[in-house]
Amino acid sequence: MKTWQCVVCGFIYNEAEGVPEDGIALGTPWEDVPPDWACPECAVSKAEFVMVELAETCERL
């Protein structure tokens, strides 16, 4: 599972956790998040998120 971070406010979308309060179930892959979904913290579009899986892997080393 991957994580995605909002470049504006830093909110993390974790595919394993989803965002149940926004109707996005646990285990929902990023590509299945609706294109009109907005960051629950700052309301920017899904396009303003970047994958952070690589950064997390490097931090563990």
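That block above? That's the structure.
Just so you know, these numbers come straight off a predicted model, no measurement behind them. (Residues numbered from 1 in each chain as written. Predicted model: local features only at pLDDT ≥ 70, side-chain atom pairs only at ≥ 80, totals over all residues. Heavy atoms only, no water.)

A.B. asks: Let's hear about the overall build of the protein: which residues, and what values?
C.D. replies: When helices and strands are counted, the protein shows one helix and three strands. For the protein, the sequential pattern of α-helices and β-strands runs β-β-β-α. Residues counted as buried form 30% of the 61 residues belonging to the protein. A sequence separation of at least 24 residues applies to 40% of the contacts in the protein between residues at least 6 apart. When the accessible area of the protein is evaluated, it comes to approximately 4000 Å², of which 54% is carbon and sulfur surface. (Helix = DSSP H or I, 4+ residues; strand = E, 2+ residues; numbered from the N terminus. Buried < 20%, exposed > 50% of the residue type's maximum accessible area, 1.4 Å probe, protein only. Contact = heavy atoms within 4.5 Å. Areas by Shrake-Rupley, 256 points an atom, 1.4 Å probe, with all protein chains shown as cover.)

A.B. asks: If you had to explain the environment of Thr3 to someone new, which residues and values would you point to?
C.D. replies: Position of Thr3 among the secondary structure elements: in strand E1 (residues 3–6). Here the alpha-carbon distance between Thr3 and Pro29, two residues 26 residues apart in the chain, equals 9.4 Å.

A.B. asks: With reference to specific residues and values, describe the pairing of E1.
C.D. replies: Where a strand is regular, its side chains alternate between the two sheet faces. Here three bridges tie E1 to strand E2 (residues 12–14), and the two strands are oriented antiparallel to one another. Paired with Trp4 across the two strands is Tyr13, which belongs to E2. A loop of five residues connects E1 with E2, the two strands running antiparallel in sequence, and Gly10 in this loop sits at a positive phi of about 90°. Judged from the three bridges that link them, E1 and strand E3 (residues 49–51) form a sheet pairing that is antiparallel. Considered in E3, the bridge of Trp4 is made with Met51. (Pairing = 2+ DSSP bridges.)

A.B. asks: Explain a nonpolar patch on the surface residue by residue, including any values.
C.D. replies: Taken together, Val7, Val8 and Val50 make up a surface patch of nonpolar side chains, about 250 Å² in accessible area. Following the sequence through the fold, Val50 ends up in strand E3. (Patch = residues over 30% accessible without salt bridge, like charges linked within 9 Å, V, L, I, M, F, W, Y side chains within 5 Å. Salt bridge = Lys/Arg side-chain N within 4 Å of Asp/Glu carboxyl O.)

A.B. asks: How would you sum up the nonpolar core? Please name residues and give values.
C.D. replies: Core analysis: the largest hydrophobic core is formed by 12 residues, namely Trp4, Cys6, Phe11, Tyr13, Val19, Ile24, Trp30, Val33, Trp37, Cys39, Val44 and Phe49. With residues up to four places along the chain from it excluded, the contact list for Cys6 reads Phe11, Cys39, Cys42, Val44, Glu48 and Phe49. (Core = buried A, V, L, I, M, F, W, Y, C linked by side-chain atoms within 4.5 Å.)

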